Amino acid sequence: MAVLLYKNTKVAVQGITGYQGSFHTKKMLEYGTNIVAGITPGKQGMEVEGVPVYDSFEEALKHTEIDASIIFVPASFVKEAAFEAIEAGVKLLVIITEGVPVWDTAEIALKAKEKGVTLIGPNCPGIITPGQAKMGIIPGNIVTPGKVGVVSRSGTLTYEVIQQLTNAGLGQSTCIGIGGDPVHGIGFLEALELFQNDPDTEQIVMIGEIGGTAEEEAAEYIKENITKPVVAFIAGQTAPPGKQMGHAGAIIMGSRGTAQSKIKALNEAGVPVTKTISEIPEILLKNKNK
Amino acid sequence: MAVLLYKNTKVAVQGITGYQGSFHTKKMLEYGTNIVAGITPGKQGMEVEGVPVYDSFEEALKHTEIDASIIFVPASFVKEAAFEAIEAGVKLLVIITEGVPVWDTAEIALKAKEKGVTLIGPNCPGIITPGQAKMGIIPGNIVTPGKVGVVSRSGTLTYEVIQQLTNAGLGQSTCIGIGGDPVHGIGFLEALELFQNDPDTEQIVMIGEIGGTAEEEAAEYIKENITKPVVAFIAGQTAPPGKQMGHAGAIIMGSRGTAQSKIKALNEAGVPVTKTISEIPEILLKNKNK
Amino acid sequence: MGMLYEFEGKSIFKKHKLPLPPSKVVTSVEEAVKAAEELGLPVVIKAQTLSGKRGKRGLIKKVDTIDEVKEKSAEILSKESDGRPIKKLLIEKVVPIKQEFYASVMVDGSHVALLSMFSPEGGMDIEEIAKTKPEKLEKIMFPMDIKPFGYRFFPALKRQGITGKDMVKLAGFLKKLVEIVQKEDLTLAEINPLVLTEDGQYLALDAKVVVDDNASYRHPEWKEFTSLIDRYTKEEIEAKEAGISFVELDGEIGMIACGAGLGMATMDLIKYFGANPKNFLDVGGGASPEKVSKALEILSRDPEVKVILVNVFGGITRGDQVALGIIDAIKKFNIKIPIVVRLIGTNQEEGVKILKEHGIEAYTEMEPAIKKAVELVKQQKK
Amino acid sequence: MGMLYEFEGKSIFKKHKLPLPPSKVVTSVEEAVKAAEELGLPVVIKAQTLSGKRGKRGLIKKVDTIDEVKEKSAEILSKESDGRPIKKLLIEKVVPIKQEFYASVMVDGSHVALLSMFSPEGGMDIEEIAKTKPEKLEKIMFPMDIKPFGYRFFPALKRQGITGKDMVKLAGFLKKLVEIVQKEDLTLAEINPLVLTEDGQYLALDAKVVVDDNASYRHPEWKEFTSLIDRYTKEEIEAKEAGISFVELDGEIGMIACGAGLGMATMDLIKYFGANPKNFLDVGGGASPEKVSKALEILSRDPEVKVILVNVFGGITRGDQVALGIIDAIKKFNIKIPIVVRLIGTNQEEGVKILKEHGIEAYTEMEPAIKKAVELVKQQKK
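Note that the coordinates shown come from a computational prediction; the quantities given were computed from them, not determined experimentally.

Undergrad: Before we go on, may I ask you to explain the overall build of chain C in this structure?
TA: Helices and strands together make up the secondary structure of chain C, namely 13 helices and 18 strands. Taking all 382 residues of chain C together, the buried fraction comes to 58%. Surface exposure of chain C reaches about 15700 Å², of which carbon and sulfur atoms provide 52%. Averaging the positions of the 58 positive and the 58 negative side-chain charges in chain C gives two centres separated by 2 Å.

Now the structure itself:
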């Protein structure tokens, strides 16, 4: 089963004619993603890697159904692209672009919620269901189909973890990079819920980092709702403390947000937190052989 | 039955401590309106004509239910007052204040529509159901209960018509002044529909004026949907033509908007349009005695 | 309805970075020459006035030399428009035009909507296009709170054969126009023509902008828009400042009403009974004695006013307040012209009593009062 | 995270007419004297710096005479804060204070919410209040697209015993603060203290404002906010301009990573294996050869960097581009320090090949590469 993205998911690529859009369209196609349309305003009639390009969803929808869309357009155009996709009825929207203003993301996230669209990103590596399809930039050659669900706040660190899982013979059901922006689409909670309900996922890896309280909240959620084993890693354990968001930030964060706080919360929820990434597969293998 | 406003409707007055608000609260109470609360931020604990004043709907709702609200606050506070009333769950909202910016009214009207609230005004005389209750500034002594529904774009002209109906022995079911602002709550169409469905209304008087195309659209609607007799009056038949809204206005209006256009459209829909207001009762009486 | 001069409308466009040709506002021939030199010839000299068809009326001139700048700017500054002298010129650099379009966004109040219109055949006669080639005029309707995005305009532009980069650019232009209307409390923003230049730019060559007068309290910057004042006579401004709606007309009866509808119906009846109103004057709802007194003062100064007719049906307006205002004005301005008063509604009794104490018998019905006023005019004519 | 100086934050407040005490920004003792004379004594002299607790650190001084202005402004201008000299002072007129409040609005990203906080016990130790008297701190959460209206704040203010006119005024103040955050692309606006003056006015006495760096492309006016530059070292600015995220630290290994998470994990492992990173440097996703080369240039100039460690797991970043950047930098800047490269992911083969041609054997795994870099540092120490 996996979650959110499958072999037959019909995917559109927004910004397909751009430098990143065209390159990763090639990579996604090579991986087997069912890309049915590219969208770049003003470029209708072109083809990118054999994918027909349309000016708009309206035009594309005359020729194909679209279930999901991935956005590679520059930051200042992301809001427009995202609204177009949501209004056109996609069910899954992945935004790779980094540098999107917080207030634009907020509008997108609220609209997505209103319309029941699952949003991943922005500023994220996307999602990959090994052996089926990928939307985003996670290298296809490092994943392998299996039973571990991966969710991560960090981009490149996600690859690191996946690579080590694969090297250890631990395949993945689906890997989701939720992105590191302060406002973003689905977070740990939603991903954990999806993996909990997915019969193909047996264990879950969660990659967090310092700052914010998402990991603490995830720990609470795991305690109450997740019965599958979860293993976590927190990046930035030795990083110097960052600037606070004024007193307001300090009040809200309290003692949370630090690596110690996150590790403590996760441990209390029964989640082991490893010192290095290479320890993650070890724990998963132990769980598996129990 | 009448429409929208009844003897037992629980009414709040927003801006009750102001000059207009307090004066007309007295008049509305004298007419028998069931005013349950006054709202003026910062004035909680006061009483106006025996009506308790609260800071907010939240406070008022601790002590009473509220079905409807009437707004007398200054133009720059109308948007806030209207949103508060709508969010608090009133079903009928009347805005008397004039000078409300078009874009504020638009926000209010869209929010009212979203929440299923009937909005009357702004810049209108309000609504009166003779013998039952009034919300607004239509003098209570000129109305009399009966079977004629009155809907009017003009404020004071409404009174003129009502007076003449009453003088002619023609009582009214409900009288609605929809207000003359470019963006407003219910219009002729909604009022006509309400009167059509009200078993207590036998005939309808419609007071229009030059400008806009509401009367032309009403004529179309009457042709299709209204089976009860309608008599109309159009003010401004001799007024000099006003400035157009650029070419855009001219394109949209075409030949519509003039008194002649409105009279023609109404006549074609079988609606007689009188030259003077005093002719209106004559026609209604003839219809009645048919 | 606050219609702005072209250069004022353009100042709002400029604030939002809508592309415009370079231009300068001037008030004299000397300034015009200086502006033309700074912008570089050729330039277009455009009279700043509120009524349209400036080209046909000789109020827009393209000039190629400084001598021509002198001649034509002097010529235009000597003209009148809307019955008022032309005081300001816009000197605008000539841009090489490839195609002319029409674009506008207006508030369609009755549908709580924004109506955006576009035509690939812009220029002087867009109303003609609308009538004879309606398929060349796109009308796109949005809810007023729409988030304007470029893709919303693609289908209309495609229908007009505009594709590729031009479609994207024009859609961006139209999107921005909607944003400006939404953000700046406008009820109309019209560009005719919107031009495509030889070097591929889209520019607003004209600007017809209408601001929502009710929103002026939150736009202190509108105080600089003299169009909002220039269009009124001295008396109209005086009235406006007092919160009175006043339009001068040709006739004999000075009319004061509370409410625009009642005012219009009163005018209709004055004509119906055989005389003419000298004005439309609406003191509005809830008028104070001061406001009523000010209205009478303005009318009483006009030598052509033979009779003053006050028609009040009090709702939010109170009879006693109106009566006090009338009596105050008669005394203060020593008004000798006959005054016919019709007074009914809220606080009617108090008002009638006050008037009676000062020798004025108020009517309660409208038609007899108007008939009486018309009669008084006819008597004076004899 | 673009935290602004007090006076810059206040300039945003001022634009939206949030009430402030009169003040002037100065950069010298002479200007401070002039400002104090213009504002009228007494005044408060406030160092413009990004870190807090200025009062306790002697960076805020109330003065009553011109001599004191001279003395204290000279004193503060001679100090440092955040390791940098204090260059600007805000000279602010003293207002008679009746009560001090705390007010803030911040983006709570994880809930797509705005968190508005208010306390009737404002002043220096609000964090202490939050801990010891949480009932004195109101936290109100809104969706980010909330239409802010005064009545939304009434319940919280009432809980704090604020009623009547004061409730209405404070609610209006808090409403405006939310509007400012929404309209100006802010992620935080904090006022501590917000004061009630003896004559009944509510004024923002301080301003801590954070702008969303990602939105700077649509705020050309932010270019004037020197706080967005002053907080960086010369090298950090150079990096920033190249789109590189760079923070200087104390250590021996110059680290380049693609991605912040990978960068942090790399730092963690450097320490875990017994050395220290000299910096955090993230070239971001999809780095060009120029960007990688610039990163190496910056690190290679630092004499304390003993080893350079490049850790790339290509997703949107391509291995060949990174390799080209490394080779280019080595040649152009004649880099002699040992460089350890870990390269994997997108276009890995192409990248490894390029490096190999220039004598660099890239690692594919992260931990061995980091171990190697730490080892090289230890060898040099011997």
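Undergrad: Sorry if this is basic, but what is going on with the overall build of chain A here?
TA: If you tally the helices and strands in chain A, you get 10 helices and 14 strands. Across the 290 residues in chain A, those meeting the buried criterion constitute 62%. Considering only contacts within chain A whose residues lie at least 6 apart along the sequence, 74% involve residues at least 24 apart. Here chain A has roughly 10200 Å² of accessible surface; of this, 51% comes from carbon and sulfur atoms. Taking the 24 positively charged and 31 negatively charged side chains of chain A as two groups, their mean positions are separated by 4 Å.

Undergrad: What is the right way to read the sheet that holds strand β4 (residues 60–63) of chain D from this model?
TA: Strand-to-strand pairing in sheets goes through backbone hydrogen bonds, with the strands running parallel or antiparallel. Residue and element names in this part refer to chain D. The 4 strands lie next to each other as β2-β7-β3-β4, forming an open sheet whose pairing is antiparallel. The sheet terminates laterally at β2 (23–26) and β4, the two strands that pair on one side only. Looking at each pair of strands side by side, their axes are set apart by 20° on average, direction ignored. With 5 bridges joining them, strand β3 (residues 43–47) and strand β7 (residues 89–93) adopt antiparallel strand pairing. What sits directly across from K46, in β7, is L90. Sheet contacts for helix α1 (residues 6–15): β2, β3 and β7; angle to β7, the most-contacted strand, approximately 55°. On the sheet, helix α2 (residues 29–39) packs against β2, β3 and β7 and is oriented at approximately 170° with respect to β2.

Undergrad: How should I be thinking about the interface of chain A and chain C in this particular structure?
TA: Accessible area lost when the parts come together is the quantity often used to give the size of an interface. Contact residues are listed per partner, giving 13 residues for chain A and 13 residues for chain C. Across the contact surface, chain A and chain C share 5 salt bridges. Ionic pairing is found between E107 of chain A and K147 of chain C, a salt bridge with its closest N-O pair at 2.6 Å. Our count for the chain A to chain C interface comes out at 9 residue pairs in polar contact (both at pLDDT 80 or more). Counting residues per element, the ones that place at least two in the side of chain A that touches chain C are α2 (57–60) and α3 (78–87) of chain A. Residue contributions to the side of chain A that touches chain C peak at 5 residues, all from α3 of chain A. Looking at the side of chain A that touches chain C residue by residue, the classes come out as 2 nonpolar, 3 polar and 8 charged.

Undergrad: Where do I start with the packing of aromatic side chains in this structure?
TA: For the structure shown, the criterion picks out 16 aromatic pairs over all chains. Both rings, one in F101 of chain C and one in Y202 of chain C, keep their centres 5.8 Å apart while their planes meet at 50°; by these two values the pair is tilted. Separated by 101 residues along the polypeptide, F101 of chain C in strand β8 (residues 97–108) and Y202 of chain C in strand β12 (residues 202–204) bring together distant segments of the chain. A relative accessible area of 1% means that F101 of chain C is categorised as buried. Geometry around F23 of chain A places R318 of chain D over its ring, the cationic atom sitting 3.4 Å from the centre.

Undergrad: Explain the domain arrangement of chain C to me, please; I cannot follow it from the model alone.
TA: Under the domain assignment used here, chain C contains domain 1 (22–93), domain 2 (97–227) and domain 3 (234–381). A separation of 43 Å is found between the C-alpha centroids of domain 1 of chain C and domain 3 of chain C.

Undergrad: I keep staring at unusual backbone geometry and nothing clicks. Help me out?
TA: As a rule of thumb, non-glycine residues mostly have phi less than zero, and peptide bonds are mostly trans rather than cis. Here the amide bond leading from G121 of chain B into P122 of chain B is cis, since omega sits at 10°, within 30 degrees of zero. Relative to the elements of secondary structure, P122 of chain B occurs in the loop between β7 (118–120) and β8 (126–129). Of note, the amide linkage connecting L41 of chain C to P42 of chain C takes the cis form, showing an omega dihedral of -5°. For P42 of chain C, the position within the fold is in the loop between α2 (29–39) and β3 (43–47). Residue N334 of chain C is not a glycine yet carries a positive backbone phi of 50°.

Undergrad: Is there a simple way to think about the interface of chain B and chain C in this case?
TA: Counting residues at the interface gives 58 residues for chain B and 66 residues for chain C. When chain B packs against chain C, close to 4900 Å² is buried across both sides, 64% of that on carbon and sulfur atoms. For the pair chain B and chain C, the number of links is 2 salt bridges. D104 of chain B is paired through a salt bridge with R218 of chain C; the nearest N and O atoms lie 2.9 Å apart. The tally of links from chain B across to chain C stands at 12 residue pairs in polar contact (both at pLDDT 80 or more). Contributing elements (two or more residues each) for the side of chain B that touches chain C: α1 (19–31), α4 (102–115), α5 (156–167), β13 (230–235) and α8 (246–253) of chain B. Considering only residue class, the side of chain B that touches chain C consists of 29 nonpolar, 19 polar and 10 charged.

Undergrad: How do you make sense of the packing of α5 of chain B against helix α9 (residues 260–272) of chain C when you look at a structure like this?
TA: Viewed as axis vectors pointing N to C, α5 of chain B and α9 of chain C meet at an angle of 65°, and their least axial separation amounts to 6 Å. Contacts between α5 of chain B and α9 of chain C involve T156, L157 and E160 of chain B on the former and, on the latter, G261, L262 and A265 of chain C.

Undergrad: Would you explain α2 of chain C in this entry?
TA: The α-helix advances 3.6 residues per turn, and as a result positions three or four apart in sequence lie on the same side. Residues and elements named next belong to chain C. Burial in α2 covers these residues: V29, A32, V33, A35, A36 and L39. Along α2, the residues classed as buried sweep out an arc of 165° about the axis, all on the same side. Exposed side chains of α2 directed beyond 90 degrees from the buried face belong to E30, K34 and E37. Close packing links the buried residues of α2 with β2 (23–26), β3, α3 (66–77) and β7 (89–93). Two residues or fewer past α2, G40 is found with a positive phi of approximately 95°.

Undergrad: I would appreciate a short explanation of the sheet that holds strand β10 (residues 145–152) of chain B in the present structure.
TA: Residue and element names in this part refer to chain B. The strand order across the open sheet formed by 7 strands is β9-β8-β11-β10-β12-β13-β14, and the pairing between neighbours is mixed. The open sheet terminates on both sides in strands that have one partner only, identified here as β9 (133–136) and β14 (273–274). In this sheet, β13 lies alongside strand β12 (residues 203–209) in parallel orientation, the contact comprising 6 bridges. Counterpart to I204 in the pairing with β13 is V230.

Undergrad: Whenever I open this one, the pattern of salt bridges confuses me. Can you help?
TA: One pass over the structure, following the stated rule, counts 80 salt bridges over all chains. Between R301 of chain C and E238 of chain C there is a salt bridge, with the nearest N and O atoms lying 2.4 Å from each other. Of this pair, R301 of chain C sits in the loop between α10 (289–300) and β17 (307–314) while E238 of chain C sits in helix α8 (residues 234–241), placing them 63 residues apart in sequence. Residue class for E238 of chain C comes out buried when judged on its relative accessible area of 19%. The partner of E38 of chain D in a salt bridge is K34 of chain D, and the shortest N-O contact between them spans 3.6 Å. Here K34 of chain D and E38 of chain D lie together in helix α2, a separation of 4 residues that amounts to about one turn. Linked through salt bridges whose partners overlap, the residues forming this network are E6, K10, K46, R54, E92 and D206 of chain C.

Undergrad: What exactly am I supposed to notice about the arrangement of the chains here?
TA: The two units chain A and chain B never meet; even their closest C-alpha atoms stay 14 Å apart. Chain C shows no contact with chain D. Their nearest C-alpha atoms sit 11 Å apart.

Undergrad: Just to check I follow, could you spell out the pairing of strand β15 (residues 253–257) of chain D for this structure?
TA: Along any regular strand the residues' side chains alternate between the sheet's two faces. All names here are of chain D. Within β15, 5 of the 5 residues are buried, which leaves it mostly tucked inside the rest of the structure. By the alternation rule, side chains of β15 split into I253, M255 and A257 and G254 and I256, which are all buried. Relative to strand β17 (residues 307–314), β15 runs parallel, the two sharing 5 bridges. Within β17, the position partnered with M255 by the bridge is L309.

Rules used in this analysis
Residues numbered from 1 in each chain as written. Chains lettered and ligands numbered in written order. Predicted model: local features only at pLDDT ≥ 70, side-chain atom pairs only at ≥ 80, totals over all residues. Heavy atoms only, no water. Helix = DSSP H or I, 4+ residues; strand = E, 2+ residues; numbered from the N terminus. Buried < 20%, exposed > 50% of the residue type's maximum accessible area, 1.4 Å probe, protein only. Areas by Shrake-Rupley, 256 points an atom, 1.4 Å probe, with all protein chains shown as cover. Lys, Arg positive; Asp, Glu negative; His and termini not counted. Charge placed at Lys NZ, Arg CZ, Asp CG, Glu CD. Contact = heavy atoms within 4.5 Å. Pairing = 2+ DSSP bridges. Axes fitted to C-alpha atoms, helices over the stretch in contact; angles between N-to-C directions. Salt bridge = Lys/Arg side-chain N within 4 Å of Asp/Glu carboxyl O. Polar contact = N/O pair within 3.5 Å; in protein donor to acceptor, adjacent residues only side chain to side chain. Nonpolar A, V, L, I, M, F, W, Y, C, P; charged D, E, K, R; others polar. Phe/Tyr/Trp six-rings, centres within 6.5 Å; stacked < 30°, edge-to-face > 60°. Lys NZ or Arg CZ within 6 Å of the ring centre and 35° of its normal. Domains from an automatic or database assignment. Buried area = accessible area lost by both parts, 1.4 Å probe. Arc of directions from axis to C-beta.

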